[in-house]
Amino acid sequence: MNSQSLNYIEQIYSDYLSNAENVSPEWRQFFQENGWRSAVGDLETNGSANGAPAAPASPVSPPPPSAETSPPAAAPPLPETAAEPLEAPPSGQSKTAPRVGGEGRPARGDVQLVALQERVDQLIRNHRVRGHIIARLDPLKQPRPQPPELDPAYYGFTEADYDRVFSTRTSYGPQERTLREIVGWLRNTYCRYIGAQFMHIDDLSVRQWLQDRMESNENRIHLRRDEQLRILRKLTDAVIFEEFIQKKFLGAKSFSLEGAESLIPLLDMAIEDAGSDGVEEIVLAMAHRGRLNVLANVIGKDPRQIFREFEDLDSEQHIGRGDVKYHLGYSSNRRTANGRDVHLSLCFNPSHLEFVNTVAMGRMRAKQDRTGDRERRKGLTLTIHGDAAFAGEGVVQETLNMSELPAYTVGGTIHLIVNNQIGFTTTPQEGRSSVYCTDVAKLLQIPIFHVNGEHPEAVAQVLRLAMDFRYKFQRDIVIDMYCYRLRGHNEGDEPSFTQPLLYQAIEQRKSVRKGYLDHLLELGGVSRQEAEQIAEERQSHLERELASARSEHFVPQQDMLSKVWKGYRGGKESEAPDIDTGVDRTRLAQLLEAQTYVPDGFTVHPKIKRGMDRRLEMAHGSVPLDWAAAESLAFASLATQGYPVRLTGQDVERGTFSHRHAVLHDVKNGATFMPLNHLSEDQAVVEIFNSPLSEAGVLAFEYGYSLDSPDALVMWEAQFGDFANAAQVVIDQFIASAEDKWRRLSGLVLMLPHGFEGQGPEHSSARLERFLLLAAEDNMQVVYPTSPAQIFHLLRRQMLRHWRKPLVVMTPKSLLRHKECASSMDELATGQFERVISDPKIPDLSKAERILLCTGKVYYELCQRREELELDKNVAILRVEQLYPLPTKALEKALATAPDGKQVIWVQEEPENMGAWRFLRCHYGDNLLGRLPMTHVCRPASASPATGSRSAHVWEQNKLIAEALGEE
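Here we summarise the structure given alongside this text. Quick caveat, the model's predicted, so the values are computed rather than measured.

Parameters at a glance
- Residues numbered from 1 in each chain as written.
- Predicted model: local features only at pLDDT ≥ 70, side-chain atom pairs only at ≥ 80, totals over all residues.
- Heavy atoms only, no water.
- Helix = DSSP H or I, 4+ residues; strand = E, 2+ residues; numbered from the N terminus.
- Buried < 20%, exposed > 50% of the residue type's maximum accessible area, 1.4 Å probe, protein only.
- Contact = heavy atoms within 4.5 Å.
- Areas by Shrake-Rupley, 256 points an atom, 1.4 Å probe, with all protein chains shown as cover.
- Pairing = 2+ DSSP bridges.
- Axes fitted to C-alpha atoms, helices over the stretch in contact; angles between N-to-C directions.
- Salt bridge = Lys/Arg side-chain N within 4 Å of Asp/Glu carboxyl O.
- Phe/Tyr/Trp six-rings, centres within 6.5 Å; stacked < 30°, edge-to-face > 60°.
- Lys NZ or Arg CZ within 6 Å of the ring centre and 35° of its normal.
- Expected span 1.5 Å × (residues − 1).

All right, on to the overall build of the chain then. If you tally the helices and strands in the chain, you get 31 helices and 26 strands. Considering the chain as a whole, with its 968 residues, one finds that 58% of them fall into the buried category. In the chain, the proportion of contacts linking residues at least 24 apart, taken out of those at least 6 apart, comes to 79%. Total accessible area on the chain stands at roughly 39,300 Å², and carbon and sulfur atoms take up 48% of it.

Before going further, it helps to spend a moment on the sheet that holds strand E22 (residues 875-880). On the basis of which strands lie adjacent, the open sheet formed by six strands has the order E20-E22-E21-E24-E26-E25 and mixed pairing. Strands with a single pairing partner mark the edges of an open sheet, and in this sheet they are strand E20 (836-837) and strand E25 (927-928). Direction of pairing for E25 relative to strand E26 (residues 932-939): antiparallel, over a ladder of two bridges. Note on E26: the bridge partner recorded for Asn-927 is Pro-933. Lying over the sheet, helix H30 (residues 917-924) contacts strand E24 (904-911), E25 and E26, oriented at roughly 165 degrees with respect to E26.

A separate point is the pairing of strand E17 (residues 749-753). Within E17, five of the five residues are buried, which leaves the element mostly enclosed by the surrounding structure. The alternating pattern of E17 places Val-749, Met-751 and Pro-753 on one face and Leu-750 and Leu-752 on the opposite face, and all of these are buried. Sheet analysis places strand E16 (residues 713-717) next to E17, joined by three bridges and oriented parallel. Counted as the bridge partner of Trp-716 is Leu-750 from E17. Taken together, the five bridges between E17 and strand E19 (residues 807-811) define a ladder with parallel strand orientation. Its bridge partner being in E19, Met-751 is matched across the sheet by Val-809.

Before going further, it helps to examine unusual backbone geometry. Outside of glycine, negative phi angles account for most residues, and trans bonds account for most peptide bonds. In this structure, the amide linkage connecting Tyr-884 to the following residue, Pro-885, adopts the cis form with an omega of -5 degrees. For Pro-885, the location among the structural elements is in the loop between strand E23 (882-884) and helix H29 (888-894). You will see that Lys-141, though not glycine, has its phi angle at about 60 degrees, which is positive.

The topology assignment puts Asp-161 in the loop between helix H4 (111-130) and strand E2 (165-167). The class for Asp-161 is buried, based on a relative accessible area of 5%. Those residues in contact with Asp-161, other than ones at most four positions away along the chain, are Gly-156, Phe-166 and Leu-179.

Spatially, seven strands are ordered E15-E12-E16-E17-E19-E18-E23 in an open sheet, and the strand pairing comes out mixed. A strand with exactly one partner marks an edge of an open sheet, and here the two such strands are strand E15 (686-690) and E23. Here the average twist between neighbouring strands, direction ignored, is 20 degrees.

What follows concerns the pattern of salt bridges. Counted under the stated rule, the structure contains 57 salt bridges. Among the salt bridges present, the one from Glu-227 reaches Arg-464, with a minimum N-O distance of 3.9 Å. With Glu-227 in helix H7 (residues 225-248) and Arg-464 in helix H15 (residues 456-473), this pair connects stretches of sequence that are 237 residues apart. Residue Arg-464 is classed as partly exposed on the basis of its relative accessible area of 25%. Between Glu-309 and Lys-301 there is a salt bridge; the shortest N-O distance is 2.9 Å.

Attention now goes to the side chain of Gln-117. Mapped onto the elements of the fold, Gln-117 is located in helix H4. Residue classification places Gln-117 among the buried positions, given a relative accessible area of 10%.

It is worth spelling out the packing of aromatic side chains at this point. Applying the stated criterion across every chain, the model contains 20 aromatic pairs. Geometrically, the ring pair formed by Phe-734 and Trp-742 is tilted, given 5.8 Å between the ring centres and 55 degrees between the ring planes. Both residues of the pair, Phe-734 and Trp-742, count as buried. Joined through ring pairs, the aromatic side chains of Phe-241, Phe-244, Phe-249, Phe-307 and Phe-310 make up one cluster. Taking NZ or CZ as reference, Arg-177 lies 4.2 Å from the ring centre of Trp-185, over its face. One Lys or Arg, Lys-472, reaches over the ring of Phe-473 and ends 5.7 Å from the middle of that ring.

Turning our eyes to something else, we now look at helix H8 (residues 263-276). In this model H8 runs 20 Å from its N-terminal to its C-terminal C-alpha over 14 residues, within 8% of the 20 Å that 1.5 Å per residue would give. The buried fraction of H8 is high, at 13 of 14 residues. The first or second residue beyond H8 is Gly-278, which carries a positive phi of 90 degrees.

Its location among the elements puts Glu-149 in the loop between H4 and E2. On the basis of relative accessibility, which here comes to 13%, the residue Glu-149 falls in the buried class. In this structure the C-alpha to C-alpha distance between Glu-149 and His-127, which are 22 residues apart in sequence, comes to 8.4 Å. In this structure Glu-149 touches Leu-123, Asn-126, Arg-130, Tyr-154 and Tyr-155, once residues within four positions along its chain are discounted.

Checked against the element boundaries, Glu-537 lands in helix H18 (residues 528-549). Exposure remark for Glu-537: the relative accessible area of 41% places this residue in the partly exposed category. Distance from Glu-537 to Asp-237, taken between C-alpha atoms, is 9.7 Å for residues 300 residues apart in sequence.

In structure tokens, the structure reads:
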């Protein structure tokens, strides 16, 4: 303690005055004895409790860590390898050494010893807070800062104080220690090969649990011989695999794990521990570095499959499809050492590294929901990151923020960072503003562990601590494993071009396996002969696998749809028969009426009550159905048929445009009630959750959820369709291309409000043209429905057909309350989704003077103006409701009565370079169906979707409508 400690003491004293129970027993006794006032007076006069200056002129080097054995004669430096046992400094303790705290607490007037105790307490706290800064985390031993507050000399201690006995009653273990023992214990716990950041956690009980777990064993693990051998085997597997690939496939990209081989035993131990905790499913996600090694040595993919991919002998199976080997996923079953079965799933992943994180979380959430694991105990999500990506990709923050939200929690995710200390050719100093790549994770109330990856037993200690923390608190946890990248970003890279000094240091390092083997040899538990035999066995195994891969009899493994996906299919829509999606009229009325009931005593907002009364009229057939009623009937009818329904997005409970009100709020007490979950006793669950203000992370989560829920209607709704821009990576890299790249199906629904209504360029367009540009090989459905009946049948079709493709829906804004945008109950009771809707006023197109094709909201504006001009018998307006897969057969049927050579005009409110026009012209050319000349009416091509001026919008829209109807 020094004069700078006064504010700290005053804060504790303030807490004491507020409530004595707020402070520890030692502080209560201290304040009760009233000796602290004299201590403060001494500090103000002399600068420290014992008269020493607050900032000593000649700092004393701190003693080295303590040991588990008897102390030696001299204090050695901290050891360089984890293999060496830590040795303690000489105790030098005298039996008459003065004591501070505990039973030897000084009498009332002896305030100097109390001040010394306070300085020791500060030293302990600062090691807990900042000890990680001087921990030896970097295998390359690059210089690290040396904070003065971790040096006992900073507090005025001299060599004479090292054998003084102090109280450590607030710490785990002995209630008294000498200063020498305290410093050694702190250095071993917080400054060795593990750095812990946990003091930012607000919950005292969580901090205390972590302190006790680390300080009780000085943050070390004691492994049995069989555990040490297992680590050695997994390290050998990792090293031999990489060396084998480098020799057998010269120059091929593999994104080697060399320099970070400790990842393999770490993952192996994680799976074993998870099995012991009752985990039955583990979903893993990672980028390309080390992926092949993980596939072979953790997930269980046969090396022959990987080698065959290197040989590239089956190219005819991948023409126009597939992905590179280090992006592929895999799943397997593994039996742990204690006899438990664990299913492993490694997610496929594109080069957009971190976007797979919430995909993995979504998959795990779906697995948990499917098995009824509402406590989130039977599944584990384990994500592996690179340091540069963890600090650089914004979706990481989205992922962390979602981790404890009710709609997205999975019971805690283990984040493993393979810290290469470089990103491609970018150094940490160029790539982040923070000290650690993990600093973004401090937004959560979770610990962050940094560990030297060159010390496998330190890695094992951190992993076990992390798994225990997750099991107890069900929160995320971060492990930052410092290592290095032996080669360049890929095997064709020369890293010394840009990091010559770094790679000079890397060249001096021996492999992790060699270092750990040396440690085991010193302990005497493993012989070199045993180690060589392990390596020879692994080498021989890989040679056999390579021979099998090169054999002409090799049969590639087929990744077939199985388990929950059995019975579903992808491929062409033409091979998926249409299905009747109607529901009995009486049943619809019952379902709609059920949604108007609320519990006794529940007070609904008066405006919402009027809407519910109107919905009751719809149920009785007095008024037609609006969009919201038809949508809710789709949800209700599917849920009561056993199909779970899940909808998330910003403001989806109420709806951005205040149309849905799926979750009701009591205006008197704030209680909530969702009628959709009270339809019948045996219905499937309906989940409608507001999401955080995130697009990429949330959409990726729902995509992941859909991968493991083919029998659930999984939807994401954007606040405005334009906001899907912020999730474009997910749309491009996963939703649009996954079937082609990875043979993975999804029935995810994207609901994107779209329509030009004078709200400016960022609230008009869901970028319909972008989805159509991505459309090929029937990879997804792109629709623009214009009536409540259409959205009802569309959503039901999505589930009742066993053809699973992503569905992109341009949904309305103003049409939600447009009086003409309505449907009868009978339209829902019969029929199906119509890809093209003919004009009921002119069924015979040979009698029409003009034939207009359009999609979406503009239809109603065309009809209104047509009626004003009394052109009902002259101008036919047909609606194209499904834009992809192309509705060619439906168009042929709708246009069958149009005479050859009759011009057809495509009308859209989007600019010419947006919307559907260019897509349709590209596919149909200048002659629709080969016989009908086709032209267009739309806004001029523009760099921006829409004008920001309301009056300019009205002028443009009127001009467009007039031109379409032939007024100009």
